[in-house]
Protein chains: 2
Amino acid sequence: MALIVKKFGGSSVGTTEKIMNVAKRIVNEKGKDDKVVVVVSAMGNTTDELIELANKIDSNPYKYTREMDMLLTTGEQVSISLLTMAFKSLGEKAVSLTGSLAGIKTNAVHTKGKILDIKPQRVLDELDKGNIVIVAGFQGCDQLGDPVTLGRGGSDTSAVALAGALHADSCEIYTDVEGIYSADPRIVKNARKMKEITYYEMLEMARLGSGVMQPRSVEVGQLMNIPIHVRSTFTNKPGTIIREEYTMEEKGFVIRGVSHDDKVAKIAVLGVPNNPGIAYSIFSALAEKSIDVDMIVQSIRNIEKNVTDMVFTVASEDLSTAKEVVDKAAGDLNAIGVLIEKDVAKVSIVGVGMLGSPGIAARMFGALSKAGINIDVISTSEISISCLIKSSSLKEAVNIIHNEFFPEG
Amino acid sequence: MALIVKKFGGSSVGTTEKIMNVAKRIVNEKGKDDKVVVVVSAMGNTTDELIELANKIDSNPYKYTREMDMLLTTGEQVSISLLTMAFKSLGEKAVSLTGSLAGIKTNAVHTKGKILDIKPQRVLDELDKGNIVIVAGFQGCDQLGDPVTLGRGGSDTSAVALAGALHADSCEIYTDVEGIYSADPRIVKNARKMKEITYYEMLEMARLGSGVMQPRSVEVGQLMNIPIHVRSTFTNKPGTIIREEYTMEEKGFVIRGVSHDDKVAKIAVLGVPNNPGIAYSIFSALAEKSIDVDMIVQSIRNIEKNVTDMVFTVASEDLSTAKEVVDKAAGDLNAIGVLIEKDVAKVSIVGVGMLGSPGIAARMFGALSKAGINIDVISTSEISISCLIKSSSLKEAVNIIHNEFFPEG
């Protein structure tokens, strides 16, 4: 007997046919005494259709965050009821629960809620009655009982948090890829599916641009120590298990993956006086606008005049706001000027194995150098090394670095 | 200052444009210190579309009553969120509440729930904050918090019950007609809109075929003594107020209305032995199948043989089931045979004024007789008299009787 939480995203339940397929698959795989909780997102385009309706009332409906949550939570409520009917039509006992009924308690930050607590008694009661329990992902309720959505990646977070609260044996996230790869398979032909990866590495890869899992759900998994099995909706092959520590040796892999991100932009503030508080004045102004700054390099332009250049990267989507903030700060600081570069990209290697392996960075830089790819900025964390390069070299860089660390054969 | 509950049905909120119109109308009519609660149904075709989805999962989804409720309650949740956004976009403070959040507690009879209790504290709190409160009609929740729908006419019932629990000054039901008429205006050109009508008369008229208000909501109004103002979504004219007693004299109206029903069928069980228990054996068999029997006449066929004919009417939709039941009972009773007549219709007059006015029935029969319309069966209640006639004479009969009691000019 095992208690398993399975999560299916919107594309897995995009039509009533797909909903039937999900139900059939779960019934086929279910052990006689298994207890199964299924977390689902809204059907395919439902959310977009609901937003479109709201747009007809007001061109910017998201300013009514509570009402958007009231509206959007109906999407999952439709899919849980249909999936439950599908189970019942197959002769299974099943029951649907909204996030609220499943005991998922959130703060009151509508459209971007955070789970504060899960009181899963109802879920446990329904499992004890022999039901497959179908829970609406992406949603919970605040203290008043009002529906609150969890923001991006919310359904994964619901599933992992619910698995934690239920002390589930595993949490399976079904997606349109087969697991976590050593690099994006669309870019690197020989990318390898990893059997396991640690929470830390997964979080670092997500931060550095790997898109399979939203960081929040991984953080919750780590916090509650729930292994997360990322696998395909369309095959029965095992995927990748994200967990605290490796349970098996995967020989020769000193790093876990190569990540990349081409949605970055570089900002250089040139010739600022090198006084204490300069970095603070620029970065606190950016922080006020909720702009995350990533790679930061401060280099000396002119020792005699004591002026310096400050170089950093931001997400492309934040660039226009960041530029306004930085232009103003640069003016206040009497900087020489501000340079923007949009055609940059970041390539990174990630792996807990690189701690205490000083040769790793050199191998990465060497591989890029051999291919004639210039490194603009370098940054490192405990378990990653990132290089900023020209976007035009990104695909080649990812392949070269992957070949260096995951040689074919 | 007044506390007003207003209910708008699905056709009044069928599109986002109509939703904006409802919001504008309410804002225009709202007194400065008025407290307004708006009860809405699902948008136009939403419910049908949701049922269609469920039909793709199972050809008979209504057997999964709890899941149908989970599915269908999303319809009103969409309309309350959109209407609330509409109010906000007009600069009003507003908040949406599902039936559950509004404190509407029901039994657990899914798809046909009954309101057990309303705990309106949240509604009162939101009104005190200066909000227009938009409540999902047609729904509440059971003891577990599971969504339950109220069945036919459910949104009217939600509105009236909520008005009662809030001790509202009035409950306005907006519909596509302008009020309650002395006869169906599609049949009787000179039908008059009544200013007032009592709960009893309205219930009797509904029972006898007048379709404007579902009986349940009227019963709730009577129970809680809430005046119900039935009026048009499309004009500002006053409609009809349903209340306990008349507050004004409407001269000369000894009856309140002429109702009709052509969805009836007559069943005659011929030549049954006239022994005690015969009626019981037929009607208890019908009751077991939940078939309501309406007009009943027992007449003697042959005194010497002591056999009798038993004639009664049922709703057309129950006829085929009723026939099966009656055929079996007639066989068991050694009756001569069973006759079915489908081309019959019922015309009725209703009014508390006829109590103690013995001439009323005579005037009705006389009017029909003068027009050469034969009366097949007659039945009476305290406040109504009904005649079963041929369906082909129905339209003429309704007009003749209406002219008798509501002479033109």
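Every value quoted in this text rests on a predicted model; they were computed, and no experiment measured them. (Residues numbered from 1 in each chain as written. Chains lettered and ligands numbered in written order. Predicted model: local features only at pLDDT ≥ 70, side-chain atom pairs only at ≥ 80, totals over all residues. Heavy atoms only, no water.)

## Side note on the overall build of chain A
Rule in force here: Numbering of helices and strands starts at the N terminus; helices are DSSP runs of H or I of at least 4 residues and strands are runs of E of at least 2. The size measure is the radius of gyration over C-alpha atoms, and the globule rule it meets is 2.2 Å times the number of residues to the 0.38 power. Relative accessible area decides the class of each residue, using a 1.4 Å probe on protein chains only: under 20% of the type maximum gives buried, over 50% gives exposed, and in between gives partly exposed. For this analysis, residues touch if any pair of their heavy atoms sits within 4.5 Å. What sets the accessible areas is the Shrake-Rupley method with a 1.4 Å probe; for residues, cover comes only from the shown protein chains. Under the counting rule used here, the positive set is Lys and Arg, the negative set is Asp and Glu, and His together with the chain ends is not counted. We put the charge of a Lys on NZ, of an Arg on CZ, of an Asp on CG and of a Glu on CD.
For chain A, the count of helices and strands is eleven helices and 18 strands. In terms of overall size, chain A behaves like a compact globule, its C-alpha atoms giving a radius of gyration of 24 Å where 409 residues would be expected to give roughly 22 Å. In terms of principal-axis extent, the alpha carbons of chain A reach across some 80 × 55 × 30 Å. The burial tally for chain A puts 55% of its 409 residues in the buried class. A fraction of 75% describes how many contacts in chain A between residues 6 or more apart in sequence connect residues 24 or more apart. As presented, chain A carries roughly 18,000 Å² of accessible surface, and 50% of it is formed by carbon and sulfur atoms. In chain A, which carries 45 positive and 51 negative side-chain charges, the distance between the mean positions of the two groups comes to 3 Å.

## With respect to unusual backbone geometry
All names here are of chain B. With phi around 70°, Thr111 is a residue other than glycine that occupies positive phi space. Positive phi is not limited to glycine here, since Asn225 has a value of about 55°. Positionally, Asn225 belongs in the loop between α7 (215-224) and β11 (228-232).

## Observations concerning the UniProt feature "binding site: ATP" (unreviewed entry) in chain A
Residues and elements named next belong to chain A. Stated precisely, the cut-off is as follows: UniProt positions are given in the numbering used here, feature names are shortened, and annotations may be inferred rather than shown by experiment.
In this numbering, the UniProt entry assigns the feature "binding site: ATP" (unreviewed entry) to Lys7, Phe8, Gly9, Gly10, Thr175, Asp176, Tyr181 and Arg186. Taken together, the annotated residues stretch across 180 residues and extend over separate regions, lying up to 24.2 Å apart by C-alpha. As for its position among the elements, Gly10 is in the loop between β1 (3-8) and α1 (16-29). Setting aside residues no more than four positions away along its own chain, Gly10 makes contact with Ser41, Ala42, Met43 and Gly44.

## Remarks on the sheet that holds strand β17 (residues 377-381) of chain A
Residue and element names in this part refer to chain A. The criterion, for reference: What makes two strands pair is DSSP finding at least two bridges between them. For helices, the fitted line uses only the C-alpha atoms of the stretch in contact; every axis is such a line through C-alpha atoms, and the angle between N-to-C directions lies from 0 to 180 degrees.
Spatially, the six strands line up as an open sheet ordered β14-β15-β13-β16-β18-β17, and their pairing is antiparallel. At either end of the open sheet lies a strand with only one pairing partner, and these are β14 (293-302) and β17. On average, adjacent strands in this sheet sit at an angle of 30° to one another, irrespective of strand direction. The sheet strands contacting helix α6 (residues 199-207) are β13 (257-273), β14, β16 (337-350), β17 and β18 (384-390), and the helix crosses β16 at an angle near 150°.

## Re the environment of Gln143 of chain B
Mapped onto the elements, Gln143 of chain B comes out in the loop between β7 (139-141) and β8 (147-149). Taking relative accessible area as the criterion, Gln143 of chain B reaches 86% and is therefore assigned exposed.

## Remarks on the domain arrangement of chain A
Selection criterion: Note: domain ranges come from an automatic or database domain assignment.
Looking at chain A, the domain boundaries give domain 1 (3-175) and domain 2 (258-405). Taking the mean C-alpha position of each, domain 1 of chain A and domain 2 of chain A sit 39 Å from one another.

## Describing the environment of Lys395 of chain B
Structurally, Lys395 of chain B is set in helix α11 (residues 394-405). Distance from Lys395 of chain B to Ile187 of chain B, taken between C-alpha atoms, is 6.5 Å for residues 208 residues apart in sequence.

## Let's talk about the relation of the copies chain A and chain B
Heads up, the rule is: C-alpha atoms of residues with pLDDT of at least 70 in both copies form the basis for the least-squares superposition of the copies.
Screw-axis analysis of chain A against chain B gives a translation of 0.1 Å along the axis, an RMSD of 0.2 Å, and a rotation angle of 180°. With respect to symmetry, the two chain copies, as superposed, fit the operation of a two-fold axis. Considering only C-alpha atoms, the residue of chain A closest to the rotation axis is Thr74 of chain A, which sits at 2.7 Å. Mapped onto chain B, 100% of the interface residues of chain A are again interface residues, and the two copies thus contact each other with one and the same surface.

## Notes on the nonpolar core
Threshold: We define the nonpolar core as a collection of buried residues of types Ala, Val, Leu, Ile, Met, Phe, Trp, Tyr and Cys that are connected through side-chain atoms lying within 4.5 Å of one another.
Grouped together as the largest cluster of nonpolar side chains are 71 residues, with contacts concentrated most on Val37 and Val38 of chain B. Per-element accounting of this core gives the leading share, seven residues, to helix α3 (residues 65-89) of chain B. Counting 70 residues, the second largest nonpolar core, distinct from the first, contains Ala136, Ile173, Tyr174 and Ile197 of chain A.

## Let's talk about the UniProt feature "domain: ACT" (unreviewed entry) in chain A
In the numbering used here, UniProt assigns the "domain: ACT" (unreviewed entry) feature to residues 267-352 of chain A. Helix makes up 29% of residues 267-352 of chain A and strand 47%, with an end-to-end C-alpha separation of 30 Å.

## Concerning the sheet that holds strand β1 (residues 3-8) of chain B
All names here are of chain B. Read across the sheet, eight strands follow the order β3-β6-β2-β1-β9-β11-β12-β10 without closing on themselves; strand pairing throughout is mixed. Only two strands of the sheet have a single partner each, and these edge strands are β3 (94-97) and β10 (196-198). When strand polarity is set aside, the average angle formed by the axes of neighbouring strands in this sheet is 20°. Summarising the sheet, strand β2 (residues 35-40) and strand β6 (residues 132-136) pair through four bridges and their orientation is parallel. Along β6, the bridge assignment pairs Val39 with Val135.

## Description of the packing of α1 of chain A against helix α2 (residues 46-57) of chain B
The line we're drawing: Note on terminology: angles under 35 degrees are roughly parallel, angles over 145 are roughly antiparallel, angles of 65 to 115 are roughly perpendicular, and the others are oblique. Crossings are assigned a handedness: left-handed for a near helix turned anticlockwise from the far helix by less than a right angle, right-handed for a clockwise turn.
Two elements in contact, α1 of chain A and α2 of chain B, have axes separated by 9 Å at closest approach and are oriented at 45°. As summarised for this structure, α1 of chain A and α2 of chain B are arranged oblique, according to the angle between their axes. Where α1 of chain A crosses over α2 of chain B, the two elements pack in a sense that is right-handed. Across from Thr16, Ile19 and Met20 of chain A in α1 of chain A, the residues of α2 of chain B making contact are Leu53, Lys56 and Ile57 of chain B.

## Topic: the interface of chain A and chain B
Inclusion rule: Joining two parts hides part of their accessible area as seen by a 1.4 Å probe, and the buried area is that hidden amount summed over both. Put simply, a salt bridge is a Lys or Arg side-chain nitrogen that is within 4 Å of an Asp or Glu carboxyl oxygen. Any N or O atom pair separated by 3.5 Å or less is treated as a polar contact, with the protein-specific requirement of one donor-capable and one acceptor-capable atom, and with residues adjacent in sequence counted only for side-chain atom pairs. Gly counts as polar in this scheme, as do all residues outside two lists: the nonpolar Ala, Val, Leu, Ile, Met, Phe, Trp, Tyr, Cys and Pro, and the charged Asp, Glu, Lys and Arg.
Contacts between the two partners involve 39 residues from chain A, matched on the other side by 39 residues from chain B. Counting the surface lost from both chain A and chain B, the interface buries some 3,100 Å², and carbon and sulfur atoms represent 71% of this. Of all residues in chain A, Ile57, Glu67 and Met85 of chain A give up the largest surface area on contact with chain B, accounting jointly for 22% of the area buried on that side. One can count two salt bridges joining chain A with chain B. Of the charged contacts in the structure, one is a salt bridge between Arg122 of chain B and Asp146 of chain A, with a shortest N-O distance of 2.8 Å. The interface formed by chain A and chain B includes twelve residue pairs in polar contact (both at pLDDT 80 or more). Of all the elements in the fold, those that place two or more residues in the side of chain A that touches chain B are α1, α2 (46-57), α3 (65-89) and β3 (94-97) of chain A. Per element, the largest residue contribution to the side of chain A that touches chain B is 17 residues, and it comes from α3 of chain A. Grouping the constituent residues of the side of chain A that touches chain B by class yields 22 nonpolar, ten polar and seven charged.

## A few points about empty space enclosed by the protein
Residue and element names in this part refer to chain A. For clarity, the cut-off: Space inside and on the surface of the protein is sampled on a 1 Å grid over the protein atoms alone, with a cavity defined as a set of points where a 1.4 Å probe fits but cannot get out and a pocket as an open set with protein on both sides within 12 Å along at least 5 of 7 lines; lining residues have an atom within 4 Å of a point. Grid points are joined across faces, edges and corners, and a volume is the space filled by probe spheres set on the points.
Scanning all chains against the criterion turns up one cavity of 30 Å³ or more. For the largest cavity, the calculated volume is near 40 Å³. Lining the largest cavity are Arg207, Leu208, Asp294, Met295, Lys346, Ser379, Thr380, Ser381, Ser384 and Ser386. Breaking the lining of the largest cavity down by element, the ones donating at least two residues are β14, β17 and β18. Here the lining of the largest cavity takes three residues from β17, the largest share from any one element. Looking at the lining of the largest cavity residue by residue, the classes come out as two nonpolar, five polar and three charged.

## Here we look at the packing of aromatic side chains
All names here are of chain A. Selection rule: Only rings of Phe, Tyr and Trp enter the pairing, Trp through its six-membered ring, and a pair is recorded when the two centres are within 6.5 Å. The plane angle decides the type: under 30 degrees is stacked, over 60 is edge-to-face, the rest tilted.
For the coordinates displayed, the defined rule picks out four aromatic pairs over all chains. Here Phe283 and Phe312 contribute two aromatic rings whose centre-to-centre distance is 5.1 Å and whose plane-to-plane angle is 75°, an arrangement assigned as edge-to-face. Remark: Phe312 occurs in strand β15 (residues 307-315) and Phe283 occurs in helix α8 (residues 278-288); sequence separation between them is 29 residues. Assigned by exposure class, Phe283 and Phe312 land together as buried.

## Some remarks on α2 of chain A
In plain terms, the rule: What a helix is expected to span follows from its residue count: subtract one and scale by 1.5 Å. Directions are taken from the helix axis to each C-beta atom, and the arc is the one they span.
Taking 1.5 Å per residue as the helical rise, α2 of chain A with its twelve residues ought to reach 16 Å, and the 17 Å between its terminal C-alpha atoms agrees with that figure. Considered for burial, the residues of α2 of chain A that qualify are Thr46, Leu50, Ile51, Ala54 and Ile57 of chain A. In a view along the axis of α2 of chain A, the buried residues occupy a sector of 130°, so they form one face of it. Those residues of α2 of chain A that are exposed and angled more than 90 degrees off the buried face are Asp48, Glu49 and Lys56 of chain A. For α2 of chain A, the secondary structure elements touched by its buried residues are α3 of chain A together with α1 (16-29) and α3 of chain B.

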